[in-house]
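Listed here are the chains, written in short residue letters.
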Amino acid sequence: MERTLILIKPDGIQRGLVGEVIGRLERKSLKIVGLKMLKIDKETAKEHYAHLVDKPFYPDLEQFMTSHPVIALVVEGKEAVAVVRDMVGPTNATKAPPGTIRGDFSNSTSRNIIHASDSKEVAEQEINRFFKPEELFDYSFSWSNFLKAPDE
Ligand code: UDP
Ligand code: MG
């Protein structure tokens, strides 16, 4: 089982797409093992987007990601990193295929609703960046117990 980090970006929250995004993850059988709302500080943004700090669009990206809260999730499942990246679609949402989150809900390269880790190594770093160990939950439902109400 793999874990990956997802951020629902400020535009996803502003546009009321939090339930839509989380619903898609759940329906794909990805298990939510961590979930919170937080405001990213500038230092964390520089670390998270270290590969982009020299790009001309970085100031806008940092401003966008640090001026409003985001929702961070860790989901777990088979090949979760690649599965979620496929569900998210390419960075430039204008080119993102219908059926992907970016393809269905954005037409922009910068305001593209969601972040997802792009490799297993990066996922591990990003999970540690946004979640303390005690904020992640290891749990399972026994199918028979789940169906039976405790008062039956
Ligand atoms: N971004 C942007 N302009 C660009 C490329 C990227 O504003 O030309 C922003 C966009 O929000 C993107 C984020 O920077 O999601 C991170 O870029 P990356 O290349 O890591 O793409 P992602 O992994 O999000 O698909
Ligand atoms: Mg990226």
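Residues numbered from 1 in each chain as written. Chains lettered and ligands numbered in written order. Predicted model: local features only at pLDDT ≥ 70, side-chain atom pairs only at ≥ 80, totals over all residues. Heavy atoms only, no water.

With that settled, the discussion passes to the overall build of the protein. Secondary structure summary: the protein contains 8 helices and 4 strands in total. If you list the helices and strands of the protein from N to C, you get β-α-α-β-α-α-β-α-α-β-α-α. In terms of overall dimensions, the protein has C-alpha extents of about 60 × 35 × 25 Å along its principal axes. Counting across all 152 residues of the protein, residues that qualify as buried make up 44%. Sequence separation of at least 24 residues holds for 75% of the intrachain contacts in the protein that already meet a minimum separation of 6. With the model as given, the accessible surface of the protein reaches about 8900 Å², and the carbon-plus-sulfur share is 53%. Charged side chains in the protein number 21 positive and 23 negative. The centres of these two groups are separated by 4 Å. (Helix = DSSP H or I, 4+ residues; strand = E, 2+ residues; numbered from the N terminus. Buried < 20%, exposed > 50% of the residue type's maximum accessible area, 1.4 Å probe, protein only. Contact = heavy atoms within 4.5 Å. Areas by Shrake-Rupley, 256 points an atom, 1.4 Å probe, with all protein chains shown as cover. Lys, Arg positive; Asp, Glu negative; His and termini not counted. Charge placed at Lys NZ, Arg CZ, Asp CG, Glu CD.)

This paragraph deals with the site of ligand 1. Taken together, Lys9, Tyr49, His51, Leu52, Phe57, Leu61, Arg85, Thr91, Arg102, Thr109, Ser110 and Asn112 make up the full set of residues adjacent to ligand 1. Here an oxygen atom of ligand 1 sits 2.8 Å away from a polar atom, N or O, in the side chain of lysine 9. Here an oxygen atom of ligand 1 sits 2.9 Å away from a polar atom, N or O, in the side chain of histidine 51. For ligand 1, the protein covers 82% of the area, taking 510 Å² as the surface of the free molecule. Grouping the constituent residues of the shell around ligand 1 by class yields 4 nonpolar, 5 polar and 3 charged. (Near = heavy atom within 4 Å. Polar contact = N/O pair within 3.5 Å; in protein donor to acceptor, adjacent residues only side chain to side chain. Nonpolar A, V, L, I, M, F, W, Y, C, P; charged D, E, K, R; others polar.)

With that settled, the discussion passes to a nonpolar patch on the surface. Taken together, the side chains of Phe137, Tyr139 and Phe141 make up a nonpolar region of the molecular surface, amounting to roughly 340 Å² of accessible area. Turning to its location among the elements, tyrosine 139 is positioned in the loop between helix H7 (120-130) and helix H8 (143-147). Taking relative accessible area as the criterion, tyrosine 139 reaches 31% and is therefore assigned partly exposed. (Patch = residues over 30% accessible without salt bridge, like charges linked within 9 Å, V, L, I, M, F, W, Y side chains within 5 Å. Salt bridge = Lys/Arg side-chain N within 4 Å of Asp/Glu carboxyl O.)

These figures come from the coordinates and say nothing about function on their own.
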